[in-house]
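Residue-level structure breakdown
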Amino acid sequence: MKIAITSTGNSLDALMDGRFGRCMYFVIYDTETGATEFVPNPNKEALEGAGPASVQLVASKGVEKVISGEFGSKVKAIFDSLKIQLVILKDPHITIGQIIEKFATQKK
Amino acid sequence: MKIAIASGKGGTGKTFVATNLFYVAVKNGRNVTLADCDAEEPNVEGFLQGKPIRKKTVSQNLAVIDPEKCVYCGKCRDWCIYNAIICLEEQQKIYLLEDLCHDCGACLVACKFDAISETERRLGTVTTSVIEEDSVLTEARADVGIYSSVPVIKAALTASGTPSLLLMDAPPGISCPFITTVAPADFVVLVTEPTPFGLNDLKLSVETLEQLGKPYGVVVNRDGLGDHKVYDWLEEKNIPLLMKIPFDREIARIYSQSLLVAAEDDSYAKQFLLLLQKIEALCKN
């Protein structure tokens, strides 16, 4: 399964970004292979519609789950209809590495 | 001449200043139109009762995508600069976010498969009322729940035509509805109050008008309330202080009865006329 995580930087030490549509990077994590891809968010400074444009980005990567601090009202219904699960993490100090670690230990 | 009456903070007295300016301009035989551009909460009509002569419905076109005809090529999405379309080739899904559709028509041109058409969406109304001979009120009134009142404000400005004097009562804040209202103005009157909130929002308005390159001046309402920081800041920035309106229970009483202080008290009529003359003088410079 592929998961998208919003990230403030392009390394595993980076903190999770609390925003979905205007996050700095998307991390695409593959739970099967353990591979991570850091994608700079081209929509972070969009005048309007950063959320929907970011749905476009993560959905076209084929993710089944998105982890972020919050999601705007425009995108929730679309994620629902795409059967992509949203996970809201209210921990401003959690790093990408720590989130991935949780999935890795779950697998074992 | 076009004068916008605006403020960053809500409730500082935009409508109070606009309606009283309108009153003294009419009394002085001017051909004047007042456009109530506070489309989300228009209230000028509470102070100026006129005879409605025209009511126009404002609407916009909204793209409609036919999923039967769509081949999910994504061209419409690429052309939409407002990010209103999500198109997923692999999942064979397409979404239109109605709130983000700006009626630009680009997607209709982009689609080579005849999958996109348009439907009409109502946004609000523009009402034109005659207050007195040669003096008119145009009111922008947005429907509740619409995403942006900008098209309704634009329609009201168009309906206002080109009177010798156009007063525009702007919506509060500094976002698109404010920009739309001040864009055609020759001069902007910023109404504020001498409080920390008033000063904070005044600074935001000034910053915006500086970027737009608009001449402006400030009216301080409820003088005597709060502190002196607004005045200090105006002096420091060399911004013209056009008028001080005292924090006076009598003004509040008159306003709460939907009356105009310039009509009730001759000394205020003189002060508002002076304000109008000051603005005109600053415009000529």
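What you see is a predicted model, and the numbers here were worked out from it, not measured in a lab. (Residues numbered from 1 in each chain as written. Chains lettered and ligands numbered in written order. Predicted model: local features only at pLDDT ≥ 70, side-chain atom pairs only at ≥ 80, totals over all residues. Heavy atoms only, no water.)

A few words on the overall build of chain A. Helices and strands together make up the secondary structure of chain A, namely 3 helices and 5 strands. For chain A, the succession of helices and strands along the chain, N to C, is β-β-β-α-β-α-β-α. Across its three principal axes, chain A shows a C-alpha extent of roughly 40 × 25 × 25 Å. Within chain A, contacts between residues at least 6 apart in sequence are counted, and of these 51% link residues at least 24 apart. Once the 13 positive and 12 negative side-chain charges of chain A are each reduced to a mean point, those two points are 3 Å apart. (Helix = DSSP H or I, 4+ residues; strand = E, 2+ residues; numbered from the N terminus. Contact = heavy atoms within 4.5 Å. Lys, Arg positive; Asp, Glu negative; His and termini not counted. Charge placed at Lys NZ, Arg CZ, Asp CG, Glu CD.)

What follows deals with empty space enclosed by the protein. All names here are of chain B. Taken as a whole and assessed by the stated rule, the structure comprises 2 cavities of 30 Å³ or more. In this structure, the largest cavity encloses a volume near 110 Å³. Around the largest cavity, the lining comprises 15 residues; the ones closest to its centre are A63, C80, C101, C104 and C107. The greatest single-element share of the lining of the largest cavity, amounting to 3 residues, is contributed by helix α3 (residues 106–110). Approximately 80 Å³ is the volume attributed to the second largest cavity. For the second largest cavity, the full set of lining residues is I65, C70, V71, Y72, C73, G74, C76, I94, C111, F113, A115 and I116. Of the residues assigned to the lining of the second largest cavity, the class counts are 11 nonpolar, 1 polar and no charged. (1 Å grid on protein atoms, 1.4 Å probe; cavity = no way out; pocket = protein on both sides within 12 Å on 5 of 7 lines; lining within 4 Å. Points joined across faces, edges and corners; volume = space filled by probe spheres on them. Nonpolar A, V, L, I, M, F, W, Y, C, P; charged D, E, K, R; others polar.)

Glancing now at the nonpolar core. The biggest cluster of nonpolar side chains holds 39 residues, and the ones touching the most others in it are F20(A), V58(A), V66(A) and F79(A). Beyond its immediate chain neighbours, meaning those up to four positions away, V66(A) contacts A4(A), F20(A), V58(A), F71(A), F79(A), I84(A), Q85(A), L86(A) and V87(A). Of all hydrophobic cores here, the second largest spans 37 residues; its members include F16(B), A25(B), V26(B) and V191(B). (Core = buried A, V, L, I, M, F, W, Y, C linked by side-chain atoms within 4.5 Å. Buried < 20%, exposed > 50% of the residue type's maximum accessible area, 1.4 Å probe, protein only.)

Next up on the list: unusual backbone geometry. With the exception of glycine, the majority of residues adopt a negative phi angle, and the majority of peptide bonds are in the trans configuration. Residue and element names in this part refer to chain B. Its identity is not glycine, yet D114 carries a phi of approximately 55°, on the positive side. Following the sequence through the fold, D114 ends up in the loop between α3 and β6 (116–132). Positioned with a positive phi, R222 is a non-glycine residue whose angle comes to about 60°. Relative to the elements of secondary structure, R222 occurs in strand β10 (residues 216–223). Here R222 falls in the partly exposed class, since its relative accessible area comes to 24%.

It is worth spelling out the environment of V136(B) at this point. Residues and elements named next belong to chain B. Here V136 lies in strand β7 (residues 135–142). For the pair V136 and K55, spaced 81 residues apart in sequence, the C-alpha separation works out to 13 Å. Once residues within four sequence positions are removed from consideration, V136 is found in contact with F22, V32, T33, L34, T128, S129 and I131.

What follows is about the layout of surface pockets. Counted as a void, the largest pocket has a volume near 620 Å³. Lining the largest pocket we find 22 residues, and of these E48(A), H102(B), S148(B), V150(B) and P151(B) sit closest to its centre. Elements with a contribution of two residues or more to the lining of the largest pocket: β3 (51–65), β6, α4 (150–160) and α5 (176–182) of chain B. Residues belonging to the lining of the largest pocket are distributed by class as follows: 10 nonpolar, 6 polar and 6 charged. Two domains each provide a minimum of three residues to the lining of the largest pocket, namely domain 1 (2–59 + 123–284) and domain 2 (67–114) of chain B. (Domains from an automatic or database assignment.)

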